[in-house]
Amino acid sequence: PVVFCSPSAVTSPCKILKCNSEFWAATSGSHHLGAEEAPEFCTALRAYAHCTRRTARTCRGDLAYHSAVHGIDDLMVQHNCSKDGPTSQPRLRTLPPGDSQERSDSPEICHYEKSFHKHSAAPNYTHCGLFGDPHLRTFTDTFQTCKVQGAWPLIDNNYLNVQVTNTPVLPGSSATATSKLTIIFKSFQECVDQKVYQAEMDELPAAFVDGSKNGGDKHGANSLKITEKVSGQHIEIQAKYIGTTIVVRQVGRYLTFAVRMPEEVVNAVEDRDSQGLYLCLRGCPLNQQIDFQTIRSAQATEGRARRKGPSLLAPPEAFTYETATAKCREKLPVEDLYFQSCVFDLLTTGDVNFMLAAYYAFEDVKMLHSNKDKLHLYERTRDLSPGNTAPMGTHPTLWVALLCLCWLCLL
């Protein structure tokens, strides 16, 4: 109980997922090969044991850690591995020619575009992204800035579930950012087994939590695959069986999320009444939304207060509106909502990594969004549902009519 309730446990310093990923990435397929592979497998197993010992102190209350320790002992016995010997990691194995991203003999049902839309028009793809403080772009191109501290569902349909956890950037601050991401791919016909991907601050694995990099043992397993683009910073998950691409990045200490998904998959929800809970579909609840354009003056006031004296909550670097604007323009020359989000985050956190988060979020939009005319968003949206966006300005005659109506009501 002491371990689970301590502040260190909340920040999840245990790095067992990293140990698991390194071991399975290094030995993918080797335990199915002949005896000549045993020395290489034992070397990787000893490296695995060494990794778990390094993180033992911070993993005492972690069930995955204890499972790994027992699993290592069992594998040592099964493969007659000595606990003494080299522990250098072997080179990563390359997949054989017949085990590519898309097997030539894989079922047609495991390729979305070939199976679902064989005799009809191409599917309509949608995009959702979450980055920064955090800023949300929904499947309907609604753009919001939200508080959403704690765990929140991003996506939940018949095929997958995505949940994020947002934590305060600074103690006592209302600014939050994504510190944990969990993606569950549900088992689907003969294509994939259920797979779970989990990333946390300072830990962006290139494998699912069970160490695998594809959909398991089913015939169409490679229709779900993880690719590491930049070690520890950028991974991509291709789920061809549902026509979906997911990009997860670590920028600074925090995570960003972006997805490209067919509308048919987005709307494949059994309980439509509960769809309002899923941020990518309906946006953040109204009481969780922030209109960052209206609090610019408050931030300026806080900035002046910081210059007058020290503050325990002051960010690492204090930006003025002018310096934040100049910094964001270095990476985001178009003054759209991504640019404005960048300025907001620099003023709120003082962390220049949030500028990079906005930049990479827009880079992901350019890659994933199907409508290149909608890449930039300019109009702030703070509403209950898509289609209810209020215009930025109201015609003067409408104000006159509203005032007259109120006056008549008072009479």
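This text gives an overview of the structure that appears in the document. (Residues numbered from 1 in each chain as written. Predicted model: local features only at pLDDT ≥ 70, side-chain atom pairs only at ≥ 80, totals over all residues. Heavy atoms only, no water.)

As for the pattern of salt bridges
According to the stated counting rule, one finds 8 salt bridges in the structure shown. A salt bridge links Asp364 to Arg249; the nearest nitrogen and oxygen atoms lie 2.8 Å apart. Of this pair, Asp364 sits in helix α12 (residues 353–368) while Arg249 sits in strand β10 (residues 244–251), placing them 115 residues apart in sequence. Overall, the relative accessible area of 11% leaves Arg249 in the buried class. For Glu330, the salt bridge identified is with Lys327, shortest N-O distance 3.7 Å. (Salt bridge = Lys/Arg side-chain N within 4 Å of Asp/Glu carboxyl O. Helix = DSSP H or I, 4+ residues; strand = E, 2+ residues; numbered from the N terminus. Buried < 20%, exposed > 50% of the residue type's maximum accessible area, 1.4 Å probe, protein only.)

Some points on the environment of Glu203
Mapped onto the fold, Glu203 is located in the loop between β7 (195–200) and β8 (224–230). Residues Glu203 and Arg253, spaced 50 residues apart in sequence, show a C-alpha to C-alpha distance of 9.5 Å.

Regarding the state of the cysteines
Inspection of every chain in the model, using the stated rule, returns 6 disulfides. Note on cysteine connectivity: Cys146 is disulfide-linked to Cys284, with sulfurs 2.0 Å apart. With the S-S bond torsion at 95 degrees, the cross-link from Cys146 to Cys284 turns out right-handed. Of this pair, Cys146 sits in strand β3 (residues 143–146) while Cys284 sits in the loop between α8 (279–282) and β12 (289–290), placing them 138 residues apart in sequence. The same class applies to Cys146 and to Cys284, which are both buried. Disulfide pairing is shown between Cys328 and Cys342; the S-S distance is 2.0 Å. Taking the sign of the S-S torsion, about -90 degrees here, the bridge from Cys328 to Cys342 comes out left-handed. Placement of Cys328 in helix α10 (residues 321–329) and of Cys342 in helix α11 (residues 337–349) is noted, with a sequence separation of 14 residues between them. Residue classification places Cys328 among the buried positions, given a relative accessible area of 0%. (Disulfide = S-S within 2.5 Å.)

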